[in-house]
Amino acid sequence: MNGRKDLLDIESLSVEEINYLLETAGPFKNLIRQSVKKMPPLRGRHVLTLFYEPSTRTRSSFEIAAKRLSADVTNFTVSTSSVVKGESIIDTIDTLQAMQVDYIIVRHGAAGVPNLIAKHTRASVINAGDGHHAHPTQGLLDAFTMKEVLGPLTSRRVAVIGDIQHSRVARSTSMILRKLGAQVGVFGPGPLIPEDRHPDMQSFRCFNEVFDWQPEVIYLLRIQMERQKEQFFPSLHEYHRLYGVTDERLNYIRSKGIYIMHPGPVNRGVELVDGVMTYERTLINLQVENGIAARMAVLYWLQPETGSQRG
Amino acid sequence: MESPGQQLLSPREIDTRIHRLAYEILERHPKEKFILVGIHRRGVPLAQRLAKVLEVERPGVETGMLDITLHRDDPQKATFSPDFGKTKLPHDLDGTLVILVDDVLFTGRTIRAAIDALFEYGRPSKIELAVLVDRGCREVPIQPDYCGLRQTIGRESYLRVRLREQDGQDGLFLVDNKHQAP
């Protein structure tokens, strides 16, 4: 299957392309587990991470994925760069282009910036999160993780809980799940449930309705303190009481064997209680491990137009 | 149904050549332990067939399989194969005599990649190469140690190998490039 130049969102991927990426991620994970820590396909290629928003785990995950494929990695740290001196995004990209990078991994607070960059460079651009828009590699790693524990996702039920409206994770993950035939339901504070969501996505009024729906996976979104300028719910305590996994709800989840996922980092005592972290069907650490394999599959698949030293 | 092409070896001849390969290996290594590593795709059943032939003289001879996709010199042209990442070796290769097994030796680039891939799994004491057919046209300096059939075939033609484990029947056919179906 021929690769694309860029990965900007889940929407533009076909089901075949998604399945290709998920099927490639599996062998990458096995190779790493088999002690093959490094493989040569991106030897001589240069990967640049360009993060306009803080992130430790996503950036590290991409960096590890790129290094396992033998690419060179440079982290462009925006707060210390000329961006603070007023350089525009396009000028920055021209500068980076002149440095001959082959892949640019970008995170930005405004939706559409990765698309803008992709149009201005021959390098492959991977969207690592843009505003409320998309976070496609998160969607891929979530689908990969669910497939690993559940098998094919057709007709599987996944309840996404939290701030659906402002979450690029919710957008990308529910999009990929629906493309793969799963059913997605949403639950959260009223103002944070988008009214223009897909008609197939049902919403719930209380946690009991979520349980009655019998989901196989409960996907908790992080409350993004940094994006909560308006108050959409009264307090974190109230949020936990209404939308969090409490000890009582955890007992029910355990009795039904429901899986719990979360994109991290978790706010303990808000989205979930401490007990969730040791619950045997919590997939949070597996998501982190699978994130590297999924990103390796993406880097391996994309085809930059920068010209190759090899092949 | 497309024509299978001109037959170069019959099923019976294929089997004979495989037996001969097995005994040549045994002749060169009457005592030494070795492991037969098949390269995906048809090197894998070929390695298993060799092991089966050797079963009498060398009961329990070890086999493995190797996927070389990540070590190709044209990784951007690599397409997804169902064998991607399916490397299975019984143990690490430190100090082991490895006999690489493939069906056709052509440019030699696959073998170069396979040697590269093997070193991910240790430092073999020696690597040898066994192929069913050597069709010439090398692009890197690699030669087989054991070879079932040596016949120079131009680049415009395609060789179709069939092995009963994968295809139901053994056979070797020469296909004109016009009708090529890789």
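As the structure is a prediction and not an experimental result, all values here were calculated from the model.

Bringing the overall build of chain A into the picture now. Along the backbone of chain A there are 11 helices and nine strands. Computed over its C-alpha atoms, the radius of gyration of chain A comes to 20 Å, within 12% of the 19 Å expected for a compact globule of 311 residues. Principal-axis analysis of the C-alpha atoms places the extent of chain A at approximately 55 × 45 × 35 Å. Residue pairs in contact within chain A that sit at least 24 positions apart in sequence constitute 75% of those at least 6 positions apart.

So, on to helix α5 (residues 136-150) of chain A. All names here are of chain A. Counted at 1.5 Å a residue, the expected span for α5 with its 15 residues is 21 Å, and the 21 Å between its end C-alpha atoms agrees. Across the 15 residues that make up α5, a large majority, 12, are buried. Residues of α5 that are buried include every one of Pro136, Thr137, Gln138, Gly139, Leu140, Leu141, Asp142, Ala143, Phe144, Thr145, Met146 and Lys147, and no others. Contacts made by the buried residues of α5 are with α1 (15-33), β4 (124-130), α6 (168-179), β8 (217-220), β9 (259-261) and α11 (284-301).

To continue, consider the sheet that holds strand β6 (residues 146-150) of chain B. Residue and element names in this part refer to chain B. Spatial strand order, β3-β2-β4-β5-β6: five strands in an open sheet with parallel pairing. One side of each edge strand has no neighbouring strand; the edge strands of this open sheet are β3 (62-66) and β6. Strand-to-strand, the axes of this sheet are offset by a mean angle of 25°, without reference to chain direction. Relative to strand β4 (residues 97-105), strand β2 (residues 35-39) runs parallel, the two sharing four bridges. The partner of Gly38 across the bridge, within β4, is Val101. On the sheet, helix α1 (residues 11-28) packs against β4, β5 (126-134) and β6 and is oriented at approximately 150° with respect to β6.

One can find Asn19 of chain A in helix α1. The class of Asn19 of chain A is partly exposed, set by 17 C-beta atoms lying within 10 Å.

It is worth spelling out the domain arrangement of chain A at this point. Residues and elements named next belong to chain A. On domain assignment, one finds that chain A holds domain 1 (15-135 + 289-301) and domain 2 (136-288). Between the C-alpha centres of domain 1 and domain 2 the distance comes to 26 Å. For the side of domain 1 that touches domain 2, the secondary-structure elements that each account for two or more residues are α1, β4 and α11. Per-element accounting of the side of domain 1 that touches domain 2 gives the leading share, six residues, to α11. Residue composition of the side of domain 1 that touches domain 2, grouped by class: 10 nonpolar, eight polar and three charged.

A word on the sheet that holds strand β5 (residues 157-161) of chain A. All names here are of chain A. Here we have five strands laid out as an open sheet, ordered β7-β6-β5-β8-β9, and parallel in their pairing. Unpaired on one side and paired on the other, β7 (202-203) and β9 mark the two borders of the sheet. Taken together, the five bridges between β5 and strand β6 (residues 183-187) define a ladder with parallel strand orientation. Across the sheet, residue Arg157 finds its bridge partner in β6, namely Gln183.

All names here are of chain A. Over its 12 residues, α6 extends 16 Å from the first C-alpha to the last, a length consistent with the 16 Å expected when each residue adds 1.5 Å. Buried residues dominate α6, accounting for 10 of its 12 residues. Considered for burial, the residues of α6 that qualify are Arg168, Val169, Ala170, Arg171, Ser172, Thr173, Ser174, Met175, Ile176 and Leu177. The inward-facing, buried residues of α6 contact α1, β4, α5, β5, β6 and β8.

Right, let's talk about the packing of α1 of chain A against α11 of chain A for a bit. All names here are of chain A. Closest axis-to-axis distance for the α1/α11 pair is 8 Å, and the angle between their directions is 120°. The angle between α1 and α11 places the two elements in the oblique class. In the crossing of α1 with α11, the sense of the turn from one axis to the other is right-handed. Across the interface between the two elements, Leu21, Thr24, Ala25, Phe28 and Lys29 of α1 pack against Asn290, Ala293, Ala294, Met296, Ala297, Val298, Tyr300 and Trp301 of α11.

Here we come to unusual backbone geometry. Of the consecutive residues Gly264 of chain A and Pro265 of chain A, the connecting peptide bond is found in the cis state with omega at -10°. As for its position among the elements, Pro265 of chain A is in the loop between β9 and α10 (274-278). Across the junction of His40 of chain B and Arg41 of chain B, the peptide omega takes the value 0°, indicating a cis bond. Relative to the helices and strands, Arg41 of chain B is located in the loop between β2 and α2 (43-54). For Gln214 of chain A, which is not glycine, the phi torsion reads 60° and is therefore positive. Tracing the chain through its elements places Gln214 of chain A in the loop between α7 (207-212) and β8. Since 10 C-beta atoms lie within 10 Å of it, Gln214 of chain A is described here as exposed.

The rules we used
Residues numbered from 1 in each chain as written. Chains lettered and ligands numbered in written order. Predicted model: local features only at pLDDT ≥ 70, side-chain atom pairs only at ≥ 80, totals over all residues. Helix = DSSP H or I, 4+ residues; strand = E, 2+ residues; numbered from the N terminus. Rg over C-alpha atoms; globule rule 2.2 N^0.38 Å. Contact = placed C-beta atoms within 7 Å. Expected span 1.5 Å × (residues − 1). Buried ≥ 20, exposed ≤ 12 C-beta atoms within 10 Å, placed from the backbone. Pairing = 2+ DSSP bridges. Axes fitted to C-alpha atoms, helices over the stretch in contact; angles between N-to-C directions. Domains from an automatic or database assignment. Nonpolar A, V, L, I, M, F, W, Y, C, P; charged D, E, K, R; others polar. Parallel < 35°, antiparallel > 145°, perpendicular 65-115°, else oblique. Left-handed = near helix turned anticlockwise from the far one by under 90°.

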